[in-house]
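# Structural features, examined
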Amino acid sequence: MKTATEKRNTRIRATICDIPKGSVASYGQIAEIAGIPRGARQVGYALRHLPEGHKVPWHRVVRASGEIAMRTGSVGHREQKKLLQNEDVAILNGRVDMKKYRWQPDLDELLWKPSAAWDDE
DNA sequence: CATATGACGACAA
DNA sequence: ATTGTCGCCATAT
């Protein structure tokens, strides 16, 4: 069986996979949608320890402030910036304009992923 | 069991 | 805008 933590991480990754191209979401936002209120740090942890061969659009996850979370200058940081710009997400002064690019899921999208039936992933 | 840490976030000064 | 605190919560030691 899966541990509660594994399920949470699965939901986190699944949620991130739903971020549409050209949009971004904050760690806290992902946590909330994934059913983990105040679990922003968990999202960070989950991303940091992504499994091999993942297909998660991790670059669409930024801080609530719009800044890229990774250390400035790090390889990952540059990579993320590049990936975002490839999706037409502008980065001014090292930050994304959240007002403009923040992902705003529709009711339908949220209804897809009922938090109750995730026991068998 | 006690601390420390971190790809966070909200808020006060 | 910048800096410091504190709350959160899974992991690591």
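Report follows, based on the coordinates.

Another point: the nonpolar core. Counting 17 residues, the largest nonpolar core has I12, I16, I19, I30, V43, L47 and V61 as its most contacted members. Contributions of two or more residues to this core are made by helix 1 (4-17), helix 2 (27-33) and helix 3 (40-48). Not counting residues up to four positions away in its chain, the partners in contact with V61 are I16, I19, A25, S26, Y27, I30, V43, L47 and Q80. Counting 9 residues, the second largest nonpolar core, distinct from the first, contains V24, L84, V89 and Y101.

Right, let's get into unusual backbone geometry. Residues other than glycine predominantly adopt negative phi, and peptide bonds predominantly adopt the trans conformation. Phi at R38 is positive, roughly 60°, even though this residue is not glycine. Relative to the assigned elements, R38 resides in the loop between helix 2 and helix 3.

Looking now at the protein's contact with DNA strand C. Neighbouring DNA strand C are T5, R8, R38, R41, Q42 and Y45. Take the atoms of DNA strand C that sit within 4 Å of the protein: sugar and phosphate atoms are 74% of them. R41 places a side-chain nitrogen or oxygen 3.3 Å from a base oxygen of DNA strand C. Q42 is positioned with one of its side-chain polar atoms (N or O) 2.6 Å from a sugar or linking oxygen of DNA strand C. Mapped by element, the contributors of at least two residues to the surface near DNA strand C are helix 1 and helix 3. Per-element accounting of the surface near DNA strand C gives the leading share, 3 residues, to helix 3.

Rules of the game
- Residues numbered from 1 in each chain as written.
- Chains lettered and ligands numbered in written order.
- Predicted model: local features only at pLDDT ≥ 70, side-chain atom pairs only at ≥ 80, totals over all residues.
- Heavy atoms only, no water.
- Core = buried A, V, L, I, M, F, W, Y, C linked by side-chain atoms within 4.5 Å.
- Buried < 20%, exposed > 50% of the residue type's maximum accessible area, 1.4 Å probe, protein only.
- Helix = DSSP H or I, 4+ residues; strand = E, 2+ residues; numbered from the N terminus.
- Contact = heavy atoms within 4.5 Å.
- Near = heavy atom within 4 Å.
- Polar contact = N/O pair within 3.5 Å; in protein donor to acceptor, adjacent residues only side chain to side chain.

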